[in-house]
Amino acid sequence: MQVITKLAELRQQIRELRQQGKTIAMVATMGNLHAGHIALIHQAKTLADIVIATIFVNPLQFGSGEDLEKYPKTLSADKEQLTNAGCHLLFAPTDSEVYPHGRDNQTIVEVPATSNLYCGTSRPGHFQGVATVVCKLYSMIQPDIAVFGEKDYQQLHIIRQMTQDLSIAVEVIGSPTKRNAGGLALSSRNGYLTADERSRATALYKALQSTKHQLKLGFSDFPLLCEQAQTQLEEAGFKRDYFVIANANTLMLAQPGDIKLVILAAAYMGAARLIDNQVVSL
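Our subject in this report is the structure included herewith. Note that the coordinates shown come from a computational prediction; the quantities given were computed from them, not determined experimentally. (Residues numbered from 1 in each chain as written. Predicted model: local features only at pLDDT ≥ 70, side-chain atom pairs only at ≥ 80, totals over all residues. Heavy atoms only, no water.)

Quick word on the packing of aromatic side chains
And then number 1: Enumeration over the complete set of coordinates arrives at 3 aromatic pairs.
And then number 2: Considering the side-chain rings of Phe56 and Tyr99, the 6.0 Å spacing of their centres and the 55° angle between planes classify their relative orientation as tilted. With Phe56 in the loop between strand 3 (50-55) and helix 3 (75-85) and Tyr99 in the loop between helix 4 (95-98) and helix 5 (119-122), the pair connects residues that are 43 residues apart, well separated along the chain. This pair shows no difference in class: Phe56 is buried, exactly as Tyr99 is.
And then number 3: Both rings, one in Phe62 and one in Tyr71, keep their centres 6.0 Å apart while their planes meet at 75°; by these two values the pair is edge-to-face.
And then number 4: For the cation-ring pair, Lys239 lies above Tyr268, with the distance from its terminal atom to the ring centre recorded as 5.9 Å. (Phe/Tyr/Trp six-rings, centres within 6.5 Å; stacked < 30°, edge-to-face > 60°. Helix = DSSP H or I, 4+ residues; strand = E, 2+ residues; numbered from the N terminus. Buried < 20%, exposed > 50% of the residue type's maximum accessible area, 1.4 Å probe, protein only. Lys NZ or Arg CZ within 6 Å of the ring centre and 35° of its normal.)

Okay, structure coming up:
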């Protein structure tokens, strides 16, 4: 696997790949890779000739008091995992390579309305940071395809909207969430959990599944279902953030008659803020 840290070198490599007629898939990560990330690499390999992974801990998507400085950096282990997965190229730039004029002077990309819901309320500015860095990576790599995990449903929705709104010729592919044996969605932040917290954190998936089952049975009192789920999570030791039932296509709160729904949830277990979702087709 080739490792590149400089944009000029990356662009030269991209030019050579394009001259050879190669198609390119991009998998953007912040490192500290786990099996969920590697699944994205494997899926990307089925969709394009060349897979380019990125590792960049994007400071723009971290708010005040969040874990930017503590975010685990495991580049050596990440390189080994990517190599074993058959990734062709890793782009691992520095902050100054991505934001040469500094973070405060960076042009910001924002998807209105949905960026300020749910995780956007809990983490102001987060999705502006995500949209900005993904847009920059699109420009740097010029991929045909970009593969993102479905665990962060709101993020995937926002990236798709941005790609469409800005007429960017990239096909955005969602990859199913990978889970451990208890149903807990794989996440880099699971590393913050103690063994006991990790066991209790499976309650998040159980609450989502229980709510999904109730919706399938025809229950349509969405606020009541969400409150019941919140209570279930608190009994397991979670601290509330949000638990909502939304229209899967718009992310607005679900209304009677909506056919495709998504249950979106975020909650704190100890030092970790965990997110998850379930799509429900009625």
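Comments concerning unusual backbone geometry
And then number 1: Within the chain, Ala113 stands out as a residue other than glycine whose phi angle is a positive 70°.
And then number 2: Looking at the element boundaries, Ala113 is found in the loop between helix 4 and helix 5.

Section: the nonpolar core
And then number 1: Residues Leu10, Tyr138, Phe148 and Leu264 are the most contacted members of the largest nonpolar core, which totals 47 residues.
And then number 2: If you tally residues by element for this core, the top one is helix 6 (residues 126-141), at 10 residues.
And then number 3: Residues in contact with Leu264, not counting those within four places in the same chain, are Tyr118, Tyr153, Tyr242, Phe243, Val244, Ala246, Leu251, Asp276 and Asn277.
And then number 4: Listed in part, the 26 residues of the second largest apolar core include Ala201, Leu208, Leu261 and Met269. (Core = buried A, V, L, I, M, F, W, Y, C linked by side-chain atoms within 4.5 Å. Contact = heavy atoms within 4.5 Å.)

Examining the sheet that holds strand 2 (residues 24-29)
And then number 1: Read across the open sheet, the 6 strands follow the order 1-4-3-2-5-6; overall the sheet is parallel. Lying at the two open borders of the sheet, with one neighbouring strand each, are strand 1 (2-4) and strand 6 (171-175). The average angle at which neighbouring strand axes cross in this sheet is 25°, direction not considered.
And then number 2: Two elements, strand 2 and strand 3, share 6 bridges in a ladder whose sense is parallel. In the strand pairing of strand 3, Ile24 is matched with Ile50.
And then number 3: Helix-sheet contacts for helix 7 (residues 153-165) involve strand 5 (145-149) and strand 6, and the interaxial angle to strand 6 is about 170°. (Pairing = 2+ DSSP bridges. Axes fitted to C-alpha atoms, helices over the stretch in contact; angles between N-to-C directions.)

So, the layout of surface pockets
And then number 1: If you add up the space inside the largest pocket, you get close to 1,100 Å³.
And then number 2: Lining the largest pocket we find 49 residues, and of these Met30, Tyr71, Lys151, Asp152 and Arg189 sit closest to its centre.
And then number 3: Looking at the lining of the largest pocket, the elements with two or more residues in it are strand 2, helix 2 (35-45), helix 5, helix 6, strand 5, helix 7 and strand 9 (272-281).
And then number 4: If one sorts the elements of the lining of the largest pocket by residue count, helix 6 sits on top with 5 residues.
And then number 5: Its residues assigned to classes, the lining of the largest pocket shows 22 nonpolar, 17 polar and 10 charged.
And then number 6: In this structure, the second largest pocket encloses a volume near 280 Å³.
And then number 7: Lining the second largest pocket are 16 residues; nearest its centre among them are Ile55, Phe56, Val57, Lys73 and Pro93.
And then number 8: Tallied by class, the residues present in the lining of the second largest pocket amount to 9 nonpolar, 4 polar and 3 charged. (1 Å grid on protein atoms, 1.4 Å probe; cavity = no way out; pocket = protein on both sides within 12 Å on 5 of 7 lines; lining within 4 Å. Points joined across faces, edges and corners; volume = space filled by probe spheres on them. Nonpolar A, V, L, I, M, F, W, Y, C, P; charged D, E, K, R; others polar.)

So far we have only geometry, and geometry alone does not tell us how the molecule works.
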